[in-house]
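# Coordinates in review
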Amino acid sequence: MLDRRRFLQQFAAVSAAGMTGLSTNAYAASESIIDPGPDRTLSLYNIHTGETVKSTFWSQGQFIDSEIEMIDMLVRDFRANDVMAMDRKLYQDLYELQTRLSPNKPMYIISGYRSPKTNAALRNGSSGVAKKSLHMQGRAIDLRIPGVSHKELHRAALELRSGGVGYYPNSGFVHLDTGRVRRWQG
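No experiment lies behind these values; they were computed from the predicted model shown. (Residues numbered from 1 in each chain as written. Predicted model: local features only at pLDDT ≥ 70, side-chain atom pairs only at ≥ 80, totals over all residues. Heavy atoms only, no water.)

## Let's talk about helix H6 (residues 150–160)
For H6, the complete set of buried residues consists of Leu153, His154, Ala156, Ala157, Leu158 and Leu160. The elements touched by buried residues of H6 are helix H4 (88–101), strand S5 (140–144), strand S6 (164–168), strand S7 (173–177) and strand S8 (182–185). A positive backbone phi angle near 50° is found at Arg161, which sits one or two residues after H6. (Buried < 20%, exposed > 50% of the residue type's maximum accessible area, 1.4 Å probe, protein only. Helix = DSSP H or I, 4+ residues; strand = E, 2+ residues; numbered from the N terminus. Contact = heavy atoms within 4.5 Å.)

Here's what the structure looks like:
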């Protein structure tokens, strides 16, 4: 892999020769590969189990598997004690929200992964649980942040334009998923 200085020297040489085959977007994409950005840490609290995790899940441009596994364990289906490898994009989105809204406070996890059995049981008790919930695919999480209004959390989640955002002000949480971009209120 090229380091940043060498990449820029090669890019300058190609540009000087008039062969700038890279568009600005391609250059930006290449730049993001070379510049991995800051470490990314999540601070999470599971309201049902009382467990907490503070995990640097991204460092030097890559995910840290052992740290991801700790987060996956925290957001497991606590009713069935089933763990699933969650969509890592979801953790990136949580990081963005935490950075914007409360970098010094843990996010409270209401629901992460749900086994099909748990989802069916919850569905029997509530009309607000989807039959084909993305929770069962490890692609959804319900959360709140103490000290941050649900309205503010909802607004920030919508600004991500990353996936589905459900707003449940009466139940006290926001749903975030990595499905198609959409919104609803429950």
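## Focus on the packing of aromatic side chains
Inspection of the entire model under this criterion finds five aromatic pairs. Residues Phe57 and Phe63 carry aromatic rings whose centres are separated by 6.3 Å and whose planes lie at 25° to one another, so their mutual orientation is stacked. By relative accessible area, Phe57 is classed as buried at 0%. When its relative accessible area of 24% is taken as the criterion, Phe63 is described as partly exposed. Between Tyr168 and Phe173, the ring centres sit 4.7 Å apart and the planes meet at 20°, which makes this aromatic pair stacked. Across the pair, exposure class does not vary: Tyr168 and Phe173 are buried alike. Ring-pair connections join several aromatic residues into one group, and the members of that group are Phe57, Trp58, Phe63 and Tyr95. (Phe/Tyr/Trp six-rings, centres within 6.5 Å; stacked < 30°, edge-to-face > 60°.)

## A short note on the side chain of Arg40
By the secondary structure assignment, Arg40 is in strand S1 (residues 40–46). Of the side chains with opposite charge, Glu96 comes closest to the buried, unpaired Arg40, at an N-O distance of 5.4 Å. When residues no more than four places from it in sequence are discounted, the contact partners of Arg40 are Ser55, Thr56, Phe57, Trp58, Gln92 and Tyr95. (Lys, Arg positive; Asp, Glu negative; His and termini not counted. Salt bridge = Lys/Arg side-chain N within 4 Å of Asp/Glu carboxyl O.)

## Side note on the pattern of salt bridges
As enumerated under the stated definition, the model contains seven salt bridges in all. Across the salt bridge formed by Lys89 and Asp93, the nearest N and O atoms sit 2.6 Å from each other. Of the two residues, Lys89 and Asp93 both sit in helix H4, four residues apart, roughly one turn of that helix. Accessibility expressed as a relative area gives 3% for Asp93, which makes it buried. We note a salt bridge from Arg114 to Asp142, for which the minimum N-O separation is 3.4 Å.

## Examining the side chain of Asp177
Secondary-structure assignment places Asp177 in strand S7. Look at Asp177 and you get buried, because its relative accessible area is 1%. A distance of 2.8 Å separates the side chain of Asp177 from the side chain of His175, its partner in a polar contact. Of note is the side chain of Asp177, whose polar atom sits 2.8 Å from the backbone nitrogen of Gly179. Aside from chain neighbours lying at most four places away, what touches Asp177 is Leu90, Leu134, Arg139, Ala140, Gly163, Gly164, Arg182 and Trp184. (Polar contact = N/O pair within 3.5 Å; in protein donor to acceptor, adjacent residues only side chain to side chain.)

## As for the nonpolar core
Membership of the largest hydrophobic core comes to 32 residues, with the highest contact counts inside it found for Tyr91, Leu97, Leu143 and Leu176. Per-element accounting of this core gives the leading share, six residues, to H4. Not counting residues up to four positions away in its chain, the partners in contact with Leu176 are Leu90, Asp93, Leu94, Leu97, Arg139, Ala140, Ile141, Leu143, Ala157, Gly164 and Val165. (Core = buried A, V, L, I, M, F, W, Y, C linked by side-chain atoms within 4.5 Å.)

Taken by themselves, the reported measurements are silent on function.
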